[in-house]
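What follows is the residue order along each chain.
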Amino acid sequence: MTLHGADGAGGADALLTVLELLARQAPPARFDALLDEARLSGLAGEELHRLERAVALAGEARAGREHEARREAGLAALTDTARDLTSSYDLDSLLRVITRRARRLLGLDLAYVTLRGPHGACYVHTTEGSRAGRAEGPGLVPGLRIAEGYGLGGAVQLHGEPVWTADYLADERFAPSGSLDAGVHAPAFDEAAEAALRAEDLHAIMAAPRRSGDTVIGALHGADRRVRHHTSEEIGLLAALADLAALAVDKAGLLDRTRAEVSELERDSSRIRTSLTRMRHVSEAHGRIMNLVLAGGDLHNVAKAAADALDATVMIRDQGGRSLATAGDLPGLDEEAVAKASLDAHARRRPVLAADDTWVAPVIAGSEDLGGLVVHAAGGLTGEDERLLELAAQSVAFLLLMRRSTAVAEGPVRDELLDDLIADPPHAPQQIAQRARRLGVDLRKPHVLVLARPEGGEQGRAVVWASSYAYRLSGLKTVQGGCIVLLLPGIDASAAAKAVAAELSPLLGHPVSVAAAGPAMSPDGVVRMHQEAGRCLDAMSALGGIGSAASVQDLGFLGLLLSDDNDVDGFVEAAIGPVLDYDAERFTDLTHTLEAYFASGGSPTNAAEALHVHPNTVSRRLERIGELLGPEWQKPGQVLEVQLALRLQRTREVLARGRATADPARQPGPPDRGN
């Protein structure tokens, strides 16, 4: 571009040239060249002054435009940073975005973030542009601990405002003897941090605070490895990035807490759903068990339903520990541990762990102990399973109470039937049999009769128990003369007596005398069994057997005397049958030798004199008798039975001869046994 001489036209052309250069955004050197050319062309005075003024204004406009461009670039960078921060959620990612963006926007050699620890000291969390691994010394590496109050970070922590220096290593304000606040604050010295800064060869450093609310929790640092004076715009941009980082970190923390709360809510929701599922299972299982109870199901069905619901083995026991029903096998049960757990379960009124995977649940009604449930669950029991076990125990208690109530309700009718059966004279057998069938009692099957007399205490509890017991065993019950009368299915009177005593005595807490007789297979036999059982009970009392249990058969020859069905043949056969058979087959006289032996007080010599034989003969006969009756035939108990059998045999022979004498037409047959 050529300028004319120092006339008005030349000055105007120069001004127009300045505008053209400004419009084309020419570099500053072109404006300087324009001034030099104007001076060479002779432009001077007012025209030159106006041209210089125009170039100066063009420079200001260009600087303003550059400032606006930088400001727009900074705002765009902040916007981009904010957008980047919205897609980065974890703390490490957020701080890496911040340090990377700060280094690029401000043209820094190094950017790093420090965070305040729990005890005041800071540590380096994230770096961008560090020489760590290449420089002498460790450099600024993540995890480097910085003492409280050290360097620019300490000043930022103290004042809460950005701090900067053009040459940190030469700035006396940050020397240990320097002061940032008129002597109020003496900067700390950290040898490790100082060595790291020197290893990085840092000079110009600026730091801006990161806040959480009103608390400074760290700082964003920007550093150069040359001396550099930072502008206010650069410091402001770093502070804005620090504030943005603080907001993003707070957001990330909030998101982390929110995610943690959501995760906890999801876990709670899952636990609640699982709990609701289990509670629904408990409710359905309890409903099935109660439906069985209300439909009249027995204890075995209830035990099976509880075992299926708990996936376990279930045993229902009465208050004496005897098994009433079982679903599954319980091998190797530790009875001692179960007994202790049963006491604890009834005391606490809830299931108790007895041993590994074995539980005991109390079956109670109010304060009354009805028994317990023993449960073996290989996989253990959850809280819902324990609740189901409690409900199952309640269902069993309800079933037992229903049985008792039914037995009590039917009691008068059943009592009247048994009263009529043992009445003397008896009522019409056909009517009694029909009444029994209506009550579910088949008198054509074997039955035994049991008399139970509580020895002390009130009788009411025993009567209630007897009603339930008879109903449970499909028998009958009544009360006569202070004794409980039970007619029960079975053929073993002795076992029936012992079973009643074993269950009733612990319930009452005092002894019970129990006598039994039978079996009989018709209504007519009930009267006879009742009379025999009564005589057996009287004999037990006379013999000091109060509180014991026995049947007519248990009393030996005494039972023979008490029984209406006197099986003399059977008794004689059992006592001396082998001797009688020996005499009949060999025409010997062992029976007469026995009688003489007992008559002489057990002396073989005296017996020999009475028999008119040699004592050795009596001894040989006694040895033979020992071989026939066994080595214990001379023991007191067996001796008594042998003597009684001998007397019965002799009496039968006398009566047989007497009948033959009274009836000459009757030929006297041989005796039942040879002598």
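Residue numbers here run from 1 along each chain, matching the order of that chain's written sequence. Side-chain atom pairs in this predicted model are given and counted only at pLDDT of 80 or more, local residue features only at pLDDT of at least 70, and totals for whole chains, interfaces and linings cover all residues. With hydrogens and water excluded, all non-hydrogen atoms of the structure serve as input to the side-chain values.

Caption draft 1: Quick peek at the environment of Leu 292. To qualify as a helix, a DSSP run of H or I must reach at least 4 residues; to qualify as a strand, a run of E must reach at least 2; elements of each kind are numbered from the N terminus. You can see Leu 292 is positioned in helix α7 (residues 232-294). Under the scheme applied here, a residue whose accessible area is under 20% of the maximum for its type counts as buried, over 50% as exposed, and between as partly exposed, the area being computed with a 1.4 Å probe on protein chains only. Note on Leu 292: relative accessible area 27%, which makes it partly exposed. C-alpha separation for the pair Leu 292 and Ser 395, spaced 103 residues apart in sequence, amounts to 9.4 Å. Here, residues are in contact when the closest pair of their heavy atoms is within 4.5 Å. Contacts of Leu 292, omitting those with residues within four sequence positions, involve Gly 297, Asn 301, Val 302 and Ala 305.

Caption draft 2: How the structure looks around the nonpolar core. Core analysis: the largest hydrophobic core is formed by 34 residues, its most contacted members being Leu 299, Val 314, Ile 316, Val 363, Leu 373, Leu 389 and Val 396. Looking at this core element by element, the count peaks at nine residues for helix α10 (residues 383-421). Beyond its immediate chain neighbours, meaning those up to four positions away, Leu 389 contacts Leu 310, Pro 351, Trp 359, Ala 361, Leu 373, Val 375 and Leu 381. Membership of the second largest hydrophobic core comes to 27 residues, among which are Leu 417, Ala 515, Cys 536 and Met 540. Note on terminology: a nonpolar core comprises buried Ala, Val, Leu, Ile, Met, Phe, Trp, Tyr and Cys residues joined through side-chain atoms within 4.5 Å.

Caption draft 3: Representation of the pattern of salt bridges. Any Lys or Arg side-chain nitrogen located within 4 Å of an Asp or Glu carboxyl oxygen qualifies as a salt bridge. Evaluated as defined, the whole model comprises 17 salt bridges. Here Asp 224 and Arg 228 are joined by a salt bridge, their closest N and O atoms 2.8 Å apart. On the accessibility criterion, Asp 224 (0% relative accessible area) is buried. The shortest N-O distance in the salt bridge between Glu 455 and Arg 453 comes to 3.0 Å.

Caption draft 4: Inspection of unusual backbone geometry at higher detail. Cis geometry is adopted by the peptide bond preceding Pro 519, which originates at Gly 518 and carries an omega value of 15 degrees. Positive phi, normally seen in glycine, also occurs at Asp 201, with a value near 60 degrees. Position of Asp 201 among the secondary structure elements: in the loop between α6 (191-200) and β5 (204-212). Exposure remark for Asp 201: the relative accessible area of 32% places this residue in the partly exposed category. The backbone of Arg 349 sits at a positive phi, close to 60 degrees, despite the residue not being glycine. Owing to a relative accessible area of 46%, Arg 349 belongs among the partly exposed residues under this scheme.

Caption draft 5: Quick look at the packing of aromatic side chains. Classification of ring pairs rests on two measures: the distance between centres of Phe, Tyr or Trp rings, Trp counted by its six-membered ring, which must be within 6.5 Å, and the angle between planes, read as stacked under 30 degrees, edge-to-face over 60 and tilted in between. Considering all chains together, one arrives at four aromatic pairs under this definition. Aromatic pair Tyr 597 and Trp 633: ring centres 6.2 Å apart, planes at 50 degrees, arrangement tilted. On the criterion of sequence distance, the pair formed by Tyr 597 in helix α17 (residues 590-599) and Trp 633 in the loop between α19 (615-629) and α20 (636-662) is long-range, its members being 36 residues apart. Note on Trp 633: relative accessible area 2%, which makes it buried.

Caption draft 6: Molecular detail of the pairing of strand β11 (residues 368-376). Alignment of strand β7 (residues 313-317) against β11, held across five bridges, turns out to be antiparallel. Residue pairing across strands places Met 315 opposite Val 374, the latter belonging to β11. Two strands pair under a simple rule: DSSP has to find at least two bridges between them. Direction of pairing for strand β10 (residues 358-365) relative to β11: antiparallel, over a ladder of eight bridges. Residue Val 363 lies in a different strand from β11, and its bridge partner there is Gly 371.

Caption draft 7: Quick peek at the confidence of the model for the chain. Per-residue confidence from the predictor is given as pLDDT, running between 0 and 100. Taken as a whole, the chain shows an average pLDDT of 78; of its residues, 82% reach a score of 70 or greater. Taken element by element, the chain is modelled with least confidence in helix α15 (residues 557-562), mean pLDDT 56, and with most confidence in strand β12 (residues 447-454), mean pLDDT 93. Counting interchain partners and residues more than four positions distant, the pLDDT-below-50 stretch residues 4-9 has eight contacts. Scored below 50 in pLDDT, residues 658-675 shows 19 contacts in the model against residues more than four places distant or in partner chains.

Caption draft 8: Geometry of the packing of helix α18 (residues 604-611) against α19. Interaxial angle, 0 to 180 degrees, is taken between N-to-C directions of lines fitted to C-alpha atoms, where a helix line uses only the stretch in contact. One way to put it is that α18 packs onto α19 with a least axis distance of 8 Å and a crossing angle of 110 degrees. Considered as vectors, α18 and α19 are oriented roughly perpendicular to each other. By crossing handedness, the relation of α18 to α19 is classed as right-handed. Here α18 contributes Pro 604, Ala 607, Ala 608 and Leu 611 to the contact with α19, which in turn contributes Pro 615, Val 618, Ser 619, Arg 621 and Leu 622. Nonpolar residues are Ala, Val, Leu, Ile, Met, Phe, Trp, Tyr, Cys and Pro. Charged residues are Asp, Glu, Lys and Arg, and all others, Gly as well, are polar. Here the residues of the contact of α18 with α19 sort into seven nonpolar, one polar and one charged. Oblique is the label for any angle not covered by the other classes, which are roughly parallel (under 35 degrees), roughly antiparallel (over 145) and roughly perpendicular (65 to 115). By definition, turning the near helix anticlockwise from the far helix through less than a right angle yields a left-handed crossing, and turning it clockwise yields a right-handed one.

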